[in-house]
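Observations on chain architecture
One-letter residues, chain by chain:
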Amino acid sequence: MTKNIMIVGVGGQGTLLTSRIIGKTALEMGYDVKISEVHGMAQRGGSVVTFVRYGEKVNEPVVEEGTADVVIAFERLEALRYAHFLKKDGVLVVNDCRIDPMTVVIGAKQYPENIIEMLREEHTVYAIDGQKIAKELGNSKVLNSVVLGYAAKHIGFTKDAWLDMVKKTVPPKTVELNVKAFEEGYNA
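The shown structure was predicted, so the numbers you read here are calculated from the model rather than taken from an experiment.

A few words now on the overall build of the protein. Along the protein, the regular secondary structure elements total eight helices and six strands. In the protein, the succession of α and β elements from N to C terminus is β-α-β-β-β-α-β-α-α-β-α-α-α-α. Relative to the globule expectation of 16 Å for 188 residues, the C-alpha radius of gyration of the protein, 16 Å, shows essentially globular dimensions. Expressed along its principal axes, the backbone C-alpha trace of the protein runs to roughly 50 × 40 × 30 Å. By the burial criterion, 48% of the 188 residues in the protein qualify as buried. Within the protein, counting contacts between residues at least 6 apart in sequence, those at least 24 apart form 61% of the total. Roughly 9,500 Å² of accessible area belongs to the protein as shown, and the carbon and sulfur atoms make up 49% of that amount.

In structure tokens, the structure reads:
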């Protein structure tokens, strides 16, 4: 059986690093792993989408609509934008934060209200204020580790396997802080 995970966010939120940690953890556990990254206008605050698929044998890296076991969204609007990728019994893990896209910034569109509530009408949603936790830890850049820790319980693997891969993957000078961030998210 193949596990399909989709990670979505806005450029700079750590989406790519998160997909690498998930993929490396699955690989370490003996699974065949495929990862695909779609950067878009990431450097200008645009969407970043990554797919991680793992299982006994995985032939392609892309998660099809309606097949994701878990969608991890680092921003509310990105969660709304990609929720249709979830399968019926899939789980949506959302960082409850708002980053206005350029169309909202220039006034061409409005940011939707009550996104989390709308998503809960059709999906199993777990929301966390990862940004708040990261700021309390002293560095908003560990947001992805907080959210990954929160999502890890829905992906599988042991906490120790996750922590081991976080330590091996994040930049060496940030290991201690990323471990704390992961644990805060995991225990949330």
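That covers the picture; the talk isn't over yet.
Reading across the sheet, the six strands line up as β2-β3-β1-β4-β5-β6 and stay open at both edges, with mixed pairing between neighbours. Only two strands of the sheet have a single partner each, and these edge strands are β2 (32-38) and β6 (124-128). The average angle at which neighbouring strand axes cross in this sheet is 15°, direction not considered. Bridging between β2 and strand β3 (residues 47-55) involves seven bridges; their strand directions are antiparallel. In the sheet register, S36 faces β3, and the bridge partner there is F51.

Right, let's talk about the pairing of strand β5 (residues 86-95) for a bit. Of all ten residues in β5, seven are buried; the element is thus mostly enclosed. Alignment of strand β4 (residues 68-73) against β5, held across five bridges, turns out to be parallel. Along β5, the bridge assignment pairs I72 with V93. When β5 meets β6, the two strands line up parallel, connected through five bridges. Residue V94 lies in a different strand from β6, and its bridge partner there is A127.

Before going further, it helps to spend a moment on the side chain of N95. Mapped onto the elements of the fold, N95 is located in strand β5. A distance of 2.8 Å separates a polar side-chain atom of N95 from the backbone nitrogen of G130. If near-sequence neighbours (up to four positions away) are discounted, N95 is found in contact with Q13, A73, F74, E75, R76, I128, D129, G130, Q131, L143 and V147.

Looking at the element boundaries, T169 is found in helix α7 (residues 159-169). For T169, a relative accessible area of 15% gives the class buried. A polar contact is formed between the side chain of T169 and the backbone oxygen of M165, at a distance of 2.7 Å. Each residue touching T169, except ones within four places of it in the same chain, is listed here: L17, I21 and K24.

Let's shift gears to the pattern of salt bridges. In this structure the tally under the stated criterion is eight salt bridges. Of the charged contacts, one joins R76 and D96 as a salt bridge, the two residues approaching to 2.7 Å between their closest N and O atoms. Of this pair, R76 sits in helix α2 (residues 76-82) while D96 sits in the loop between β5 and α3 (102-105), and the two are 20 residues apart along the sequence. In the salt-bridge network here, residues are joined through shared partners; they are E28, D164 and K168.

Below, the discussion takes up helix α8 (residues 175-187). For α8, built from 13 residues, the straight-helix expectation of 18 Å at 1.5 Å per residue is met to within 8% by its first-to-last C-alpha distance of 18 Å. Those residues of α8 that sit buried are V175, N178, V179, A181, F182 and G185. Seen from one end, α8 has its buried residues packed into an arc of 160°, which puts them on one side. Set apart from the buried face of α8 by more than 90 degrees, the exposed residues are E176 and N187.

Definitions and limits used
- Residues numbered from 1 in each chain as written.
- Predicted model: local features only at pLDDT ≥ 70, side-chain atom pairs only at ≥ 80, totals over all residues.
- Heavy atoms only, no water.
- Helix = DSSP H or I, 4+ residues; strand = E, 2+ residues; numbered from the N terminus.
- Rg over C-alpha atoms; globule rule 2.2 N^0.38 Å.
- Buried < 20%, exposed > 50% of the residue type's maximum accessible area, 1.4 Å probe, protein only.
- Contact = heavy atoms within 4.5 Å.
- Areas by Shrake-Rupley, 256 points an atom, 1.4 Å probe, with all protein chains shown as cover.
- Pairing = 2+ DSSP bridges.
- Axes fitted to C-alpha atoms, helices over the stretch in contact; angles between N-to-C directions.
- Polar contact = N/O pair within 3.5 Å; in protein donor to acceptor, adjacent residues only side chain to side chain.
- Salt bridge = Lys/Arg side-chain N within 4 Å of Asp/Glu carboxyl O.
- Expected span 1.5 Å × (residues − 1).
- Arc of directions from axis to C-beta.

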